[in-house]
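What follows is the residue order along each chain.
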Amino acid sequence: MEDENEVELLQRYRRDRRILLNYLLSGSLIKKVVMPPGAVSLDDVDLDQVSVDFVLNSVKKGDMLELSEAIRDYHDSTGFPHMNAESEGEFFLATNPESSGSPPRRAPPAVPFVVPSPIMPDLSSSLPFDATEEDEPAMMSKSQSINTTQGRDLTVDDIDDFEDEDDLEELASRRYSRRSLNDTADLVVGLPSFATGVNDDDLRETAYEILLVAAGASGGLIVPSKEKKKEKKSRLLKKLGRSKGEQVTARSQQSTGLTGLLETMRVQMEISEAMDIRTRQGLLNAMAGKVGKRMDALLVPLELLSCVSRTEFSDKKAYIKWQKRQLNMLEEGLVNHPVVGFGESGRKASEMRVLLARIEESESFAPSVGELQRIECLRSLREIAIPLAERPARGDLTGEVCHWADGYHLNVRLYEKLLLSVFDVLDEGKLTEEVEEILELLKSTWRILGITETIHHTCYAWVLFRQFVMTREHALLKLAIEQLNKVPLKEEWGPQERMHLKSLYSKVENEEGPQELSFLQSFLIPIQKWADKQLADYHLNFSEALAMMETVVSISLVTRRLLQEEPGSAMQHVTDGDKIESYVSSSVKSAFLRTLQDVETMSNATDEHPLALLGEETKKLLRKDATVFIPVLSQWHSQAIVVSASLLHKLYGSKLKPFLNGVEQLTEDVVMVFPAADSFEEYVMDLIASSGGQSEVSLKKLSPYKIETISGTLVLRWVNAQLSRILGWVERAIQQERWEPVSMQQRHGSSIVEVYRIVEETIDQFFALKIPMRSGEMNSLFRGIDNAFQVYAKHVVDNLASKDDIIPPVPILTRYRRESGIKAFVKKELSDPRLPDMRKSRDINVLTTQTLCVQLNTLYYGISHLNKLEDSIWERWTRKTKQGKSSNGDSKKESFDGSRKDFNAAIDRICEFTGTKIIFWDLREPFIENLYRPSVSESRLETLIEPLDVELNQLCDVIVEPLRDRIVTSLLQASLDGLVRVLLDGGPSRVFIPSDAKSLEEDLEILKEFFISGGDGLPRGVVENQVARVRQVIKLQGYETRELIDDLKSASATDRSKLGADSKTLLRILCHRCDSEASQFLKKQYKIPKSAA
């Protein structure tokens, strides 16, 4: 925070300082202000480099102010640390006084040593990131002046001592520091290197000389006046670090037309004014006496060597450097890379190399001897070089075109340097405003350099593309594509251009060895390789630049189509789709490898299995590819997503397969890996299926992981183990069950709750398995749970006694008699009832009414919760499978049908057993043994109502409401069964007469109303239906004996009874009829013995 405040204060200080200086210098406080050399007004002076102390002293003294002296004073003071003034002993401060305590008491050193300022470097390093670009040059100039390597400080008088080349190097360094440029070292045009060591600066300066020659051919070449003034101004601007708007000559001061455009080109190409003047003057001198000859037919390097003297350079070093460049250009243009073969001129070429070497050697001799040798060599060189330069080519006539720079390798390099002038010197990513005029001017060089429309568009596209790679300015890439689209196809070439371009080949050395390249291949193959390299990993290179990616794909495909026309091209049979497919494959593989590395790092920091992490990250990678990159690539390849998804599926599968082969049990690793793998595979298949086209074919080509099959086997093993555990818990729960209500509100046993708990735990564990499952595993779980509940229901009813043990045996049928019977028969009859033994009686007595009701309640709890359990399972299964294919209605209905059936059967059996037990066991004596004994009038049904009511209340107190009617109905059925038993099988101790029918009907009504209970009991209709069968028996009791006998005879003969009864019922009524006629009939017809009663 303090650093930010210091920066703000510094900026405010600088603004206030400039305002103060401007006020002092513009007002009347100073007698006269003398501008420094090259400055016209205060606008041309950088006030940041003017010493305020010097100005104030001039104001105090009233003297004339020379700004050059104020600037000198400023630079002199920046080399020293701050001084503590106004004290008797001056000393240097190397630290902050406020934090350093009292000043030192020792004397300062006698000779002060110049040390770097402790404040300025800190300020320069703490400049804010959002410093304006206008402030940047001034800041840089200060830094340069502070850290200069000169032995002394820069002054205005010393400016003239700097060479132009040094000025340009400084300007270039400042220019490229404004933008962080990308490295283009691997982006090199496919041309051989120069044997003479010609560098980019040599090419740039020679290209400018050719531009001047082309301008001179049209009469636009003049030598500017006031050279010294302009040169001084240019140097001053460069050395003092002008602001952005002042670093180049002001546009308003430029000349218009060709002269102004050439001046702009000079600045753009970073050519010093001194060199410009020397070249112009040399070319004009070369044309002297050459009447009728065009300037563009001159042998430029030779003419400049002849017409530019050593005295025009500031020092010998600069001249030697300039001469070396001209000699190298002659050798490269005429000997090393000529467009026309030498033929018989081969010997002259060798002589020319010797002459070039002697001219260079002359500089090492004494001035008089060296100059003489140089003049002689130049004369001999002219005799050899002119014929070589004027060899006809492309149908030109001798003397019309000079071919010194018409060699393929040299001319395009020179033209490339000319094209670079279209970029703004202050912003390399932008084109200058005069781009159209510059390009039109460059056309004048085509005749000299042998440039055609095709060559121009190709070179311009190359220059734009290379500048795009440096600056990443998207607009440049689009312009490069426009230029490539303008390159005509081979069938559009004219015969002359076809012949010319066909001859342009170069041999280069690369990794594959020597290779011969055509013109288009030399320029387009580097573009193609760069685009291929970028798109081969578009996940990395274009993650935040989709628009640029689309344009790079476009330039790649445009370049590929142009290269396909070249003979011997390896791309002739490669389609756009093939190219896109190769990009997708390469980039996906690279991205997957990075994902593998990331997963290795992530797995070390987490407990998750690496394959699970890899599955998740691969899915993310595919999702990004499908949503971000594939929409771009689909413009050229509609099935790009299929390529990406299939490849990632294969790559992940190669890592997953060893794991799948080793899986045998359902482990934690399986639970982590399988869901991730299945989710990824499902996403792959969805993407491929949605791609349209040949999606079915693409899906068939996939090698599925078979996660569901493998996991299904593992889940079945797990389910079977869990089901065995559930059965064990069922056995244990039944053994520990005491059939006591859990509470007053929960009147069921605890065992069913325990069974449901273990079942629900198993279901929770089942659905907690986040691995793929099929419906088979689900059905297996259902069957196992269904079987567990069936086993539970079976165990509940297994403890019930047999019905035969409760109901006494039916007495032997006898007929009515008056006299006493035979003793032996009576003994036999008395021993007939055959009561259960003691063990069975104990088992029956243990099952009290309350126990039986708790069992019924428990079974009802089991069956009532089945629906909820079933719905919960299906709902969770539907969510798990998403589509819910397995959750159809039919399978739902059948899920727990076995359990429901067994639960209902168990409830019915216990209800029947409970009613039978109450009537035939608990109320055996008052009901079965004593009712209507010895006669109806002596033992009526009324006496049974009270004990029946006690039993019924006991039932209703324990039984749950939904089962009340079922258990009471069972009791009603048992009561009616007991009543029928008394009427038809009451034994020899019971006899009835027709008049008893009325009493029996009354008793039946009492029993019926007891169970209806005034509407609080069973529904009247249910009771009436149950009573109907007993009512028929009572009705038969009211018939006379003769009617019964006749009806029995009729029923026995024709199986039809007029009274609506079967023969067995009629027979039993006659056996209990207190009537001699009935006894005689039974004796005669059925041989039934007499009763002992």
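Figured I'd write up the structure that's included with this text. As the structure is a computational prediction, the values presented were derived from the model and not from experiment.

## With respect to the overall build of the chain
Helix and strand counts for the chain stand at 47 helices and four strands. Counting over 1093 residues, the chain shows a buried share of 49%. Restricting to contacts in the chain with at least 6 residues of sequence separation, those with at least 24 account for 77%. With an accessible surface of roughly 53800 Å², the chain has 51% of that area assigned to carbon and sulfur atoms.

## Considering the state of the cysteines
Applying the stated rule across the entire model yields zero disulfides. With no disulfide of its own, C956 lies 8.4 Å from the sulfur of C853, the closest cysteine sulfur. In this structure C956 comes out as partly exposed when scored by relative accessible area, which is 31%.

## Description of the environment of Q954
Topologically, Q954 is positioned in helix α41 (residues 942-958). Given a relative accessible area of 33%, Q954 falls into the partly exposed group. Residues within four places of Q954 in sequence aside, it is in contact with T849 and Q850.

## A look at the packing of helix α43 (residues 996-1012) against helix α44 (residues 1020-1037)
The contact between α43 and α44 brings their axes to 10 Å, and the two run at 170°. With respect to each other, α43 and α44 are oriented roughly antiparallel. Viewed along their axes, α43 and α44 form a crossing whose handedness is right-handed. Facing α43, whose interface residues are A997, L1000, E1001, L1004, E1005, K1008, E1009, F1011 and I1012, α44 presents R1020, V1023, E1024, V1027, V1030, R1031, I1034 and Q1037. A per-class count over the contact of α43 with α44 returns nine nonpolar, one polar and seven charged.

## Details of the packing of aromatic side chains
Within this structure, the stated rule accounts for 23 aromatic pairs. Here the aromatic rings of F519 and F523 are separated by 5.2 Å at their centres, their planes lie at 50°, and the arrangement is tilted. With a gap of four residues between them, F519 and F523 both fall in helix α22 (residues 519-535), about one helical turn apart. Their ring planes at 75° and their centres at 5.5 Å tell us that Y652 and F680 sit as a pair that is edge-to-face. With Y652 in helix α27 (residues 640-661) and F680 in helix α28 (residues 668-690), the pair connects residues that are 28 residues apart, well separated along the chain. Here Y652 matches F680 in class, with each residue buried. Each member of the aromatic cluster is reached from another via a ring pair, and the members are Y756, F782, F789, Y861, W874, F896 and F903. The ring of Y683 carries R623 above its face, with NZ or CZ at 5.0 Å from the centroid. Above the ring of W729, the side-chain terminus of R757 is found at 5.6 Å from the ring centroid.

About the criteria used
Residues numbered from 1 in each chain as written. Predicted model: local features only at pLDDT ≥ 70, side-chain atom pairs only at ≥ 80, totals over all residues. Heavy atoms only, no water. Helix = DSSP H or I, 4+ residues; strand = E, 2+ residues; numbered from the N terminus. Buried < 20%, exposed > 50% of the residue type's maximum accessible area, 1.4 Å probe, protein only. Contact = heavy atoms within 4.5 Å. Areas by Shrake-Rupley, 256 points an atom, 1.4 Å probe, with all protein chains shown as cover. Disulfide = S-S within 2.5 Å. Axes fitted to C-alpha atoms, helices over the stretch in contact; angles between N-to-C directions. Parallel < 35°, antiparallel > 145°, perpendicular 65-115°, else oblique. Left-handed = near helix turned anticlockwise from the far one by under 90°. Nonpolar A, V, L, I, M, F, W, Y, C, P; charged D, E, K, R; others polar. Phe/Tyr/Trp six-rings, centres within 6.5 Å; stacked < 30°, edge-to-face > 60°. Lys NZ or Arg CZ within 6 Å of the ring centre and 35° of its normal.

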